[in-house]
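# Examination of the molecular architecture
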Amino acid sequence: MDDTVIFLLVCLSSIFGALAAIPYLMTYDRKQENNKFKEFLNSGIVNGNLTSYVDLQHAAECWNQSRESVLYNLRLLNSQAIAGKNEVLTKKTGIIHNLLEEHQKIEPFSELPENISLQLDAIKNRLNETESEQITQLAASLSSLYTSNKDKILSGEKLNKRSFLVGVLGIIIGLSSLFF
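Residues numbered from 1 in each chain as written. Predicted model: local features only at pLDDT ≥ 70, side-chain atom pairs only at ≥ 80, totals over all residues. Heavy atoms only, no water.

Let's shift gears to helix H3 (residues 67–83). The end-to-end C-alpha distance of H3 is 24 Å, a good match for the 24 Å that 17 residues give at a rise of 1.5 Å each. Within H3, the full set of buried residues consists of Arg67, Ser69, Val70, Leu71, Asn73, Leu74, Leu77, Asn78 and Ala81. Two residues or fewer after H3 comes glycine 84, characterised by a positive phi angle close to 80°. (Helix = DSSP H or I, 4+ residues; strand = E, 2+ residues; numbered from the N terminus. Expected span 1.5 Å × (residues − 1). Buried < 20%, exposed > 50% of the residue type's maximum accessible area, 1.4 Å probe, protein only.)

This paragraph deals with a nonpolar patch on the surface. Residues Leu12, Ile15, Phe16, Leu19, Ile22, Met26 and Phe164 make up a contiguous nonpolar surface patch of roughly 660 Å² in combined accessible area. The element that contributes the greatest number of residues to the nonpolar patch is helix H1 (residues 2–47), accounting for six residues. Among the secondary structure elements, isoleucine 15 is positioned in helix H1. Accessibility expressed as a relative area gives 47% for isoleucine 15, which makes it partly exposed. (Patch = residues over 30% accessible without salt bridge, like charges linked within 9 Å, V, L, I, M, F, W, Y side chains within 5 Å. Areas by Shrake-Rupley, 256 points an atom, 1.4 Å probe, with all protein chains shown as cover. Salt bridge = Lys/Arg side-chain N within 4 Å of Asp/Glu carboxyl O.)

Attention now goes to the packing of H3 against helix H5 (residues 93–106). The contact between H3 and H5 brings their axes to 10 Å, and the two run at 155°. The orientation of H3 relative to H5 falls into the category roughly antiparallel. Relative to H5, the crossing made by H3 is left-handed. Mapping the contact onto sequence places Arg67, Val70, Leu71, Leu74, Arg75, Leu77, Asn78 and Ala81 in H3 and Thr93, Ile96, His97, Leu99, Leu100, His103 and Gln104 in H5. Here the contact of H3 with H5 is composed, by residue class, of eight nonpolar, five polar and two charged. (Axes fitted to C-alpha atoms, helices over the stretch in contact; angles between N-to-C directions. Parallel < 35°, antiparallel > 145°, perpendicular 65-115°, else oblique. Left-handed = near helix turned anticlockwise from the far one by under 90°. Contact = heavy atoms within 4.5 Å. Nonpolar A, V, L, I, M, F, W, Y, C, P; charged D, E, K, R; others polar.)

Geometrically, a packed helix pair is captured by the angle between its two axes and the distance between the axes. Put simply, helix H2 (residues 53–62) and H5 touch, their axes get as near as 10 Å, and they point 75° apart. With respect to their mutual orientation, H2 and H5 come out roughly perpendicular. On the side of H2, the interface is formed by Tyr53, Leu56 and Gln57, while H5 contributes Leu99, Glu102, His103 and Ile106. A class-by-class count of the residues in the contact of H2 with H5 yields four nonpolar, two polar and one charged.

So, about the side chain of arginine 67. Residue position: arginine 67 is located in helix H3. Not counting chain neighbours up to four residues away, the residues in contact with arginine 67 comprise His103, Glu107, Phe109, Ser110, Leu112, Pro113, Glu114 and Ser117.

Glancing now at the nonpolar core. Of all hydrophobic cores here, the largest spans 18 residues; its most connected members are Phe37, Ile45, Leu56, Ile96 and Leu99. Taken together, the elements giving at least two residues each to this core come down to H1, H2, H3 and H5. In terms of residues, this core owes the most to one element, H3, which gives five residues. Filtering out sequence-adjacent residues up to four positions away, phenylalanine 37 remains in contact with Leu56, Ala59, Ala60, Trp63, Gln65, Val70 and Asn73. Grouped together as the second largest cluster of nonpolar side chains are five residues, Phe109, Leu112, Leu120 and Ile135 included. (Core = buried A, V, L, I, M, F, W, Y, C linked by side-chain atoms within 4.5 Å.)

Put into structure tokens, the structure is as follows:
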């Protein structure tokens, strides 16, 4: 009887451990994909092969990158180029700026969810120059609010996952203490 209980506890803990690891593995896979896309962007710009925004869009689709991710990685490469961390990349700041400008023209509010971005763009196109600047300021405010809210949600999710693991471990320890 004792061996059966131990076997069941080991099986249950293995199952709960595997289930708890799935979100972490998915996050890890997404980060790896994003890092590979960033390396692709870097090498494409450094080699001079990535100069048009159309090529960038095709690459982003192949690497399954969102509008927000494309903007983030372009801004990251731009900051690295400005900082002078890579001399060859520093010489290509013009290409990076052109890609950023094209991205901003085609996807003007890419930091926001797509439905909000499309609505703001439609409103901006109907307004004159002065009023459209107010839409841009509104989008910047919404973007910072959206980003901070998303960060809070992610930290809450991490806390929930950790709490779940602690609860599962508590149940396993509690059950094992009943039998030993």
